[in-house]
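Understanding the architecture of this molecule
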Amino acid sequence: MSEQRLYYIDMKKSRTLLKCIQFCGDENFKLMFEAPLDISLSDSGFKLVNFGCGYPQDQEKLPKYLSLCIFTNRTGSLCVCYSPKFVSWEQITYSVFYFHKGYSKTFTAALGSVHSPVTKGITFLNLEYYIAVYLPGHFFHLLNIQHPDLICHSLFLTGSNDVISMLPHSPLQSLSGSLVLDWCSGKLYRVFLSQSCLLQFLWHPRPDWEKMAVLHCLLSCGRDPQFVESKIIQWISENISACYSFDPIQEFIIASSYWSIYPETSNMDTLLPYSSVLTWNTEIPGITLVTEEITLPLMKVHSFKSYWEKLNANLDYVKYSKTHLHYNNNMVRREWHSLISEEKTGKRRSKVYVRNILDNAVRVISNLEARNLVSEPRSTPLFQEEDNHQRLLVGLMVSELKDHLLRHLQGVEKKKIEQMVLDYCSKLLDLICRILETSWRKHNLHPWVLHFNRRASAAEFAVFHIMTRILEATRSLFLPLPPGFHTLHTILGVHCLPLHNLLHYIDNGVLLLTETAVTRLMKDLDNTEKNEKLKFSIIVRLPPLIGQKICRLWDHPMSSNIISRNHVKQLLQNYKKQPQSSVIDKSSFSVEFLPLNYFIETLTDIESSNRALYGFEGHDNVDAKFVEEAALKHTTMLLGL
């Protein structure tokens, strides 16, 4: 039969036996049919049957310009790709109708500087989360159909390019499941995006929009996620400042965490953030884009199952959702700041509430450690301290994200949602750890960097820089950091920065003074003039509760002065002046200095009253006598005696 005909046969109603089908596959998943009878199963229960033609002799009868394709995938997407007849050899226009999103996009692609004649039509290929659109010798577009809102999430290559030169020139027909039929040879291929080619492409000096598109393509289509993530982390570590339009650390963390749990349920694209970039206004050279709203299809089905259920859910979201449902950490930000404020004032709400939040963090860290049992042990000194502030942040994120998914994921078991949340938060922390671990191993750092009594190396400068970039990336999104991150960051900052720069970083919140880091600083550094200046500058910037504990670790007149001030402030905050004898017993004082003697006698009286009424005792032998000695030492220092 020379004329090609396509028939749809309902396999549920017909018992037709289709024979003569033998699959002969090689390592590239290429399948050849030994008879001119090609079959591919579609998602709807129908089979597309091609009563083909003699391939070699009837190639001229094949359609030259494929103008319309309809693509679906397992996530409930429905795309119609349409290419009209060419009206100009300088540019080509095609349209994609994203019915599952409620709009269409019309792309006009300039053919670039390549002047080879256009002898074939545009080819559309269905690659699950992407649609490949190409014209051999002229352009190659990889359209993101799962998240088509921003043009930067799709890849557009035009003109002379190695990728374009390798595209097949024979006419292809896209079938379901990433299968492609070669009309000329009768061979059936399963198409994959080349992981190695995309990784190489990432390292080339390309515009930001192409780097972002390749990054997302690798994370969504990579067949070995752990390997792909390691290669991307290596690229980020060596190209930390290569992107200007987006933060590669942010984009990698958000996108990779999203794809780590996406297969669990198809509704994640509307509930979790896919990208750190919310808008993109930069035009892509050679591409003109027009977006238009379209009328949604009307579904008249009694019961939705499988693909149709997911498509209907997507259509309902477009119809009825007036606001985006993507999760963000705004609520976590407010609650975390509230808890930290309560801690500073000494007031804390229900202990049960706080304990539940911290228990959430314990589960996340346990889940993370369980995942890492099979991998090489980390050399970075993280997770070695409590760091309650970060644990509160992790726990709050678990609580808020779980509530968010429970509200919007109908029909999914609570236990499954809880595990998805643990996996998502564990993945966030794991990616941050792996970025730092890669840099740590690259520069061959050792645990002795945690000591202050040594000079900084160039390797420590490099690791400090990437830790600062990680902090910047997570802070704007208000993402948690692994416990111990701030301690390590501060220690490296003390090593690497001059004092004025160090204090500037601390005052602007780039470096956070943790109790662990400051305790180590006080113990490791001696009392040289330079170190005294550093210690005093650090102590005066500590929160009062931590500052009082740290001062007792530093045996120095300065710390005694600070302790004395805090003690006096505590005694006098509710003091009411009482009439006293005008005569002071000088015999009880070692120095005859009337103002100091009067002040110390007042403190002694207050201490005696407090001891009688409340059983008050001074902290660590801090009393009026201690204050007197500290005052005299301080005066002696000021006078240079």
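The name recorded for the protein in an unreviewed UniProt entry is Gamma-secretase activating protein, from Phyllostomus discolor.

1. So, the sheet that holds strand E8 (residues 103–110)
Taken in spatial order, the 5 strands make up an open sheet running E5-E6-E7-E8-E16, and their pairing is antiparallel. Sheet topology places strand E5 (68–72) and strand E16 (287–293) at the edges, where each strand pairs with a single neighbour. Across the sheet, the axes of successive neighbouring strands diverge by a mean angle of 15°, strand direction being ignored. Alignment of strand E6 (residues 78–82) against strand E7 (residues 91–98), held across 4 bridges, turns out to be antiparallel. Looking across to E7, one finds that Cys-81 is bridged to Val-96.

2. Let's talk about the packing of helix H3 (residues 208–221) against helix H4 (residues 225–238)
Interaxial distance between H3 and H4 falls to 10 Å at its minimum, and their mutual angle equals 155°. On the basis of the axis angle, H3 is roughly antiparallel to H4. Classified by chirality, the crossing of H4 by H3 is left-handed. Here H3 contributes Lys-211, Leu-215, Leu-218 and Leu-219 to the contact with H4, which in turn contributes Val-228, Glu-229, Ile-232 and Trp-235. Residues belonging to the contact of H3 with H4 are distributed by class as follows: 6 nonpolar, no polar and 2 charged.

3. A closer look at the packing of helix H5 (residues 248–261) against helix H12 (residues 458–477)
Direction vectors running N to C along H5 and H12 enclose 60°, while the axes themselves pass 9 Å from each other. Classified by the angle between their axes, H5 and H12 sit oblique to one another. Seen from above, H5 lies across H12 with right-handed handedness. For the pair formed by H5 and H12, the contact residues are Ile-249, Gln-250 and Ile-254 on the first element and Arg-469, Ile-470, Glu-472, Ala-473, Ser-476 and Leu-477 on the second.

4. Description of the sheet that holds strand E10 (residues 130–135)
The strand order across the open sheet built from 4 strands is E9-E10-E11-E12, with neighbouring strands paired in antiparallel fashion. Because the sheet does not close on itself, it has two edges, and the strands there are strand E9 (123–127) and strand E12 (155–158). For this sheet, the mean inter-axis angle between neighbouring strands, taken without regard to orientation, is 15°. Two strands pair when backbone bridges link them, and E9 and E10 are joined in this way by 5 bridges, in the antiparallel orientation. Paired with Thr-123 across the strands is Tyr-134, a residue of E10.

5. As for the pattern of salt bridges
Summed over the entire model, instances satisfying the criterion amount to 11 salt bridges. A salt bridge links Asp-430 to Arg-434; its shortest N-O distance comes to 3.7 Å. Residue Asp-430 and its partner Arg-434 are located together in helix H11 (residues 414–442), separated by 4 residues, close to a single helical turn. Of the two residues, Asp-430 and Arg-434, neither departs from the other in class, the shared state being buried. A salt bridge links Glu-437 to Arg-441, with the shortest nitrogen-to-oxygen separation between them at 2.7 Å.

Cut-offs used in this document
- Residues numbered from 1 in each chain as written.
- Predicted model: local features only at pLDDT ≥ 70, side-chain atom pairs only at ≥ 80, totals over all residues.
- Heavy atoms only, no water.
- Pairing = 2+ DSSP bridges.
- Helix = DSSP H or I, 4+ residues; strand = E, 2+ residues; numbered from the N terminus.
- Axes fitted to C-alpha atoms, helices over the stretch in contact; angles between N-to-C directions.
- Parallel < 35°, antiparallel > 145°, perpendicular 65-115°, else oblique.
- Left-handed = near helix turned anticlockwise from the far one by under 90°.
- Contact = heavy atoms within 4.5 Å.
- Nonpolar A, V, L, I, M, F, W, Y, C, P; charged D, E, K, R; others polar.
- Salt bridge = Lys/Arg side-chain N within 4 Å of Asp/Glu carboxyl O.
- Buried < 20%, exposed > 50% of the residue type's maximum accessible area, 1.4 Å probe, protein only.

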